[in-house]
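Descriptive analysis of the structure
These are the residues of each chain, in order.
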Amino acid sequence: MKNTKPFTPDHEYITKKKDSLQVLTPIVFSVFAMYMTMGISLGALPGFIKNDLKSGNLMIGILIGLQSLATLLTRAFAGKITDTLGAKMSNRSGVFIVLAAGIIYIFAVSVPETPVLCLGLLISARILHGIAESMLVTGSLTWGIGLLGPQKSGKVMTWNGIAMYAGIAIGAPLSLWLTAQSGIVVPFAMIIILAGVSFISTLSLPALPVDASFVRVPFYKVIGKVSGQGLALAFSSMGFACIASFIALLFAGNHWSHSSLGFFCFGGFYILTRLLFASYPDKFGGYRVALVSFAIEIVGQLCIGFSVSEWMAVAGCALTGVGFSLVFPALGVLAIRKVAPQMRGTALGAYSAFFDLALGLAGPIAGLIAGMFNYQMIYIFGALSCFSAILILIKTKSSNS
């Protein structure tokens, strides 16, 4: 028989830490450090693959997307570890795995004269990076929601999302600057340092209790429960993936000089929107917030797709950041309400897997589109994907009515 015993977080700890930001800050720092490592790899790898390894756009897309594919394929495992061994264990595992990825990155970029070996090492590093993301983020989100309670799940997702995209927004241009100043090895050495930052930041937080007697629902059934929100998230994530993978090459191809500003504006406006409107999913409902967000993202993608100047492309990156900002918490709050608290890690893993799927597919698809047409056509594809998200969300709501 299924265990229906209520499952509660560490209320004593929450009582002592009345300010929820005091509880969240260590977790947010841990996630921020992880996503800085992702931003570093996104900023440094495309140019290295194209210029040093003399590989084409498809290979860039494959290597960039490989991390998300690895994350996708390990979401079920990460959710199981989080729910059965604890969120803290999942977070810690992610830290040590990204440390290993950083070491392999350094070896890889040190042997560009041997392309086969270099690519093999990069593939290994990207896979490990993806597994690390799956473990650390699933653990961190579950940890935060468990410590603060489900009534603040939107706040936990919002602040973790700020950490994610702040990390990417800072990490990507930082890696470009470090590469220009000190060479390609230095940015990847930063990944090792950031793994240490992520580990140290959460040392003071207690582990959550684990309900070992609960009968778990199979992962595929959890996916079915959150598939509507997950698919809408996946299609809306294509625009972000296109910016992450190819915006630097779009600027270079047009002889524009501010590709770092595109990354920065996406991340900056993403964070600003969350800071100003974090309460909107709870206040106005996830459905309405998501629809407005998708519409803004479409405008941003079209600005990049039809850009005639670098500043129009930068504006498109900023609008995409505004539009994409509240999508994850708006749909995520709806998703986790569909499962028991003991399955929260698995539900977050299943829901986030749709985001991973989008990133894993977007890189190769965008690479093919760039090869057949041009870099700007990638963002027309991004706009069409966001429109598909609107249709999916409308259909999901009507089927649940």
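Residues numbered from 1 in each chain as written. Predicted model: local features only at pLDDT ≥ 70, side-chain atom pairs only at ≥ 80, totals over all residues. Heavy atoms only, no water.

A few words now on the overall build of the protein chain. For the protein chain, the helix and strand inventory stands at 16 helices and 0 strands. The C-alpha radius of gyration computed for the protein chain amounts to 20 Å, which stays within 12% of the reference 21 Å derived for 401 residues, consistent with globular compactness. Dimensions of the protein chain, computed from C-alpha atoms along their principal axes, come out at roughly 60 × 45 × 35 Å. The 401 residues of the protein chain split such that 57% are buried. Considering only residue pairs separated by 6 or more positions, the protein chain has 87% of its internal contacts joining residues 24 or more positions apart. Accessible area for the protein chain stands at about 15600 Å²; split by element, carbon and sulfur atoms hold 71% of it. (Helix = DSSP H or I, 4+ residues; strand = E, 2+ residues; numbered from the N terminus. Rg over C-alpha atoms; globule rule 2.2 N^0.38 Å. Buried < 20%, exposed > 50% of the residue type's maximum accessible area, 1.4 Å probe, protein only. Contact = heavy atoms within 4.5 Å. Areas by Shrake-Rupley, 256 points an atom, 1.4 Å probe, with all protein chains shown as cover.)

The subject of this paragraph is the confidence of the model for the protein chain. When the pLDDT values of the protein chain are averaged, the result is 84; 92% of them are 70 or greater. Throughout residues 1-12 the model reports pLDDT below 50, and contacts reaching past four residues in sequence, or to other chains, amount to 22 contacts. (pLDDT = per-residue confidence, 0-100.)

Quick look at helix α13 (residues 310-325) now. Taking 1.5 Å per residue, 16 residues should reach 22 Å; α13 reaches 22 Å between its end C-alpha atoms and fits that length. Listed as buried for α13 are Glu310, Ala313, Val314, Gly316, Cys317, Ala318, Thr320, Gly321, Gly323, Phe324 and Ser325. Contacts from the buried residues of α13 go to α7 (153-182), α9 (219-253), α10 (259-277), α12 (286-305), α14 (327-336) and α15 (344-372). (Expected span 1.5 Å × (residues − 1).)

With their axes 9 Å apart at the nearest point, α9 and α14 run at an angle of 170° to one another. In terms of axis orientation, α9 runs roughly antiparallel to α14. The residues of α14 that touch α9, namely those facing Val226, Gln229, Ala232, Leu233 and Ser236, are Val327, Phe328, Leu331, Leu334 and Ala335. (Axes fitted to C-alpha atoms, helices over the stretch in contact; angles between N-to-C directions. Parallel < 35°, antiparallel > 145°, perpendicular 65-115°, else oblique.)

This paragraph deals with the side chain of Ser175. Examined against the element boundaries, Ser175 turns out to sit in helix α7. Within the structure, Ser175 has its side chain in polar contact with the backbone nitrogen of Ala44 (distance 3.4 Å). (Polar contact = N/O pair within 3.5 Å; in protein donor to acceptor, adjacent residues only side chain to side chain.)

Bringing the state of the cysteines into the picture now. Inspection of every chain in the model, using the stated rule, returns 0 disulfides. Looking at Cys303, it has no disulfide partner, and the nearest cysteine sulfur is the one in Cys317, 9.9 Å off. On the basis of relative accessible area, Cys303 is assigned to the buried category, the value being 19%. (Disulfide = S-S within 2.5 Å.)

On inspection of all chains with the given rule, the structure shows 13 aromatic pairs. Relative to Phe266, the ring of Phe240 lies with its centre 5.4 Å away and its plane at 25°, an arrangement referred to as stacked. Residue Phe240 is located in helix α9, and its partner Phe266 is located in helix α10; the two are separated by 26 residues in the primary sequence. Comparing Phe240 with Phe266, the two get one shared label, buried. Linked through ring pairs, Phe240, Phe266, Tyr270, Phe324 and Phe355 together constitute an aromatic cluster. Sitting over the ring of Phe199, Arg92 keeps its end group 4.4 Å from the ring centre. (Phe/Tyr/Trp six-rings, centres within 6.5 Å; stacked < 30°, edge-to-face > 60°. Lys NZ or Arg CZ within 6 Å of the ring centre and 35° of its normal.)

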